[in-house]
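Architecture and fold: a report
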Amino acid sequence: MLAYHSDRFALPLAPGHRFPLDKYRLLHEAVRRDLPGLRLREAEAATDGELALAHAPGYIGDVAEGRLDAARQREIGFDWSPQLVERSRRSVGATIAAARAALAEGVAANLAGGTHHAQADRGSGYCVFNDAAVAARLMQAEWHRRRRALLRVALIDLDVHQGNGSAAIFRDDPTVFTLSMHGERNFPFRKEASDLDVALPDGCGDAEYLAALDAALAALWQHHAQALPGLIFYLAGADPHEGDRLGRLKLSAAGLAERDRRVLAAARERAIPVALAMAGGYGHVIADTVAVQLGTLAAAYQSWRKWQHNRRAMDPRVESPAAEPDFR
Ligand SMILES: [Zn+2]
């Protein structure tokens, strides 16, 4: 399974900044150590033309040249630096690459991404550009160019914060379905209307969460009764975890693993490719966040293996990929 990273492009944080930037490097190292079946690739940077599929050209230029005013920059939560621009482009590039790989192989991942608070003309909440929104539009364009057909897309956003940026970008676009399950009392405090919003109470635990997830997925399939999506972006935030300092929910690591398994199985049963992004995670103990994300990638890898098995069973001409070591 292909997995794209961009953690080499770190950004300088102000002293005392609470964003856990290290988690990206730690996850990359953990994947290298514990998931040898993942083929790791460094992401290309997204171009202005790609970003403009979901963002206003004026906003892209202001970010690139460091012209955002202080209030806009504060809303993002990071000081401007050339590294911030490069890292934001790379993270979008990683989701684009993961989406292309998912369309080819069934499942692929970005080891970062999920910056779902970014709207067309402004960033917010540690999000500069909306990677899934850009990648969704680009995959639709590429699909149409090759096949002269519509690629329907669904965003399954299970980060604990509402995917308000994605909801706003796709508000009037019936070809991209936005599903967000999030903490009702959590950031952003003014929420946008997704196609399906599931607001969860503080302290929500595994059983309540998984029941809500089953209902949301049922509603997603019901909405697509005439035509299924051809691609899913799964924002697998680690921040619903009970050890998260921002999450306010109480999911265990096992509950989150079950969440991932259900989303991936539901997509695979319908032969819908899935591109994953890691989205948020702010554990009191950073290793807990990394462990949850590693679990998500392990579940994705298991799903990828089943995809390859199914494809070989259906079409014996599909060559086996070079022998991949088993997931330990
Ligand atoms: Zn979040």
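For the structure itself, look to the data block above.
Description of the structure in this document. Throughout, a residue's number is its position along its own chain's written sequence, starting from 1. The predicted origin of the model limits local features to residues at a pLDDT of at least 70 and limits the giving and counting of side-chain atom pairs to 80 or more, whereas totals for whole chains, interfaces and linings rest on all residues. Side-chain measures were taken over the full set of non-hydrogen atoms in the model, leaving aside hydrogen atoms and water.

1. Quick word on the coordination of the zinc ion
- Taken together, D159 (OD), D159 (OD), H161 (ND1) and D239 (OD) make up the protein donors of the zinc ion, found 1.9 to 2.7 Å from the metal.
- Each metal site is built from N, O and S donor atoms within 2.8 Å (3.2 Å for Na, K and Ca), and since water is not included, such sites may look incomplete. Think of it this way: with four donors and all angles in the 85 to 135 degree range, the site is tetrahedral; with four or six donors, opposite ones beyond 155 degrees and the rest between 65 and 115, it is square planar or octahedral; otherwise it is irregular. Taken together, the four donor atoms surrounding the zinc ion define angles of 54 to 157° at the centre, an arrangement classified as irregular.
- Here the donor residues for the zinc ion map to a single chain with the spacing D-x1-H-x77-D. Of this pair, H161 sits in the loop between β4 (153-157) and α7 (164-169) while D239 sits in the loop between β7 (231-235) and α9 (253-269), and the two are 78 residues apart along the sequence. Across the pair, D239 and H161 agree in class, each one buried. Helix and strand definitions here come from DSSP, where helices need a minimum of 4 consecutive H or I residues and strands a minimum of 2 consecutive E residues; each element is numbered from the N-terminal end. Note on classification: 1.4 Å probe, protein chains only; a residue is buried when its accessible area is under 20% of the maximum for its type, exposed when over 50%, partly exposed between these limits.

2. Some remarks on unusual backbone geometry
- Residues F187 and P188 are joined by a peptide bond in cis, for which omega reads -5°.
- With respect to the helices and strands, the residue P188 is situated in the loop between β5 (176-183) and β6 (196-200).
- One non-glycine residue with positive phi stands out, namely R148, at about 55°.
- Within the secondary structure, R148 sits in the loop between α6 (131-147) and β4.
- With a phi close to 55°, A279 is a non-glycine residue in the positive phi region.
- Checked against the element boundaries, A279 lands in the loop between β8 (274-277) and α10 (286-314).
- Residue classification places A279 among the buried residues on the basis of a relative accessible area of 6%.

3. Observations regarding the packing of helix α1 (residues 22-34) against α10
- As a packed pair, α1 and α10 sit with axes 9 Å apart at the nearest point and diverge in direction by 50°. If you check the angle between α1 and α10, you find them oblique. Here α1 and α10 pass one another in a crossing that is right-handed. Here α1 contributes K23, L26, L27, A30, V31 and D34 to the contact with α10, which in turn contributes I286, T289, V290, Q293, L294 and L297. To obtain each axis, a line is fitted to C-alpha atoms, and for helices this fit is confined to the stretch in contact; angles are then taken between N-to-C directions over 0 to 180 degrees. By the definition adopted for this analysis, an angle is roughly parallel if under 35 degrees, roughly antiparallel if over 145, roughly perpendicular if from 65 to 115, and oblique otherwise. Here a crossing is taken to be left-handed if its near helix is turned anticlockwise relative to the far helix by less than a right angle, and right-handed if that turn runs clockwise. Note on definitions: a residue-residue contact is assigned when non-hydrogen atoms from the two residues lie within 4.5 Å.

4. As for the packing of aromatic side chains
- Centre distance within 6.5 Å is the pairing criterion for rings of Phe, Tyr and Trp, where only the six-membered ring of Trp is used; planes under 30 degrees apart are then read as stacked, over 60 as edge-to-face, and the remainder as tilted. According to the stated counting rule, one finds nine aromatic pairs in the structure shown.
- Ring plane angle 90° and centroid distance 5.1 Å describe the contact between F19 and F78, whose orientation is recorded as edge-to-face. Here the residue F19 occupies a position in the loop between β1 (2-5) and α1, and F78 occupies one in the loop between α4 (70-76) and α5 (82-105), the gap between them amounting to 59 residues.
- Relative to Y282, the ring of Y126 lies with its centre 6.4 Å away and its plane at 40°, an arrangement referred to as tilted. A residue pair is termed long-range when its members are at least 10 positions apart, and Y126 in the loop between β3 (107-110) and α6 and Y282 in the loop between β8 and α10 qualify at 156 residues.
- Judged by its relative accessible area of 27%, Y126 is partly exposed.
- Residue classification places Y282 among the buried residues on the basis of a relative accessible area of 10%.
- Cluster of aromatic residues (ring-pair linked, three or more members): F19, Y24, F78, Y126 and Y282.
- Above the face of the Y24 ring, R87 is positioned so that its terminal group lies 4.8 Å from the ring centre.
- Across the ring face of W143, the terminal group of R147 is positioned such that the distance to the ring centre comes to 4.0 Å. As a reminder, the over-ring test applies to NZ of lysine and CZ of arginine, requiring each to be within 6 Å of the ring centre and within 35 degrees of the ring normal.

5. Observations regarding the pairing of strand β2 (residues 39-42)
- Pairing of β1 with β2 involves four bridges; the strand directions are parallel. Its bridge partner lying in β2, H5 is registered against E42.
- Place the viewer so that the strands point away; then a crossover is right-handed whenever the path from the first strand over the helix to the second strand goes clockwise. With α1 bridging β1 and its parallel neighbour β2, the resulting β-α-β unit is right-handed. Strand pairing requires that DSSP identify at least two bridges connecting the strands.

6. A word on the side chain of Q140
- Mapped onto the elements, Q140 comes out in helix α6.
- According to the relative accessible area criterion, Q140 is buried, its value standing at 13%.
- Apart from the residues lying within four places of it in its own chain, the contact partners of Q140 are L150, L151, V153, T175 and V176.

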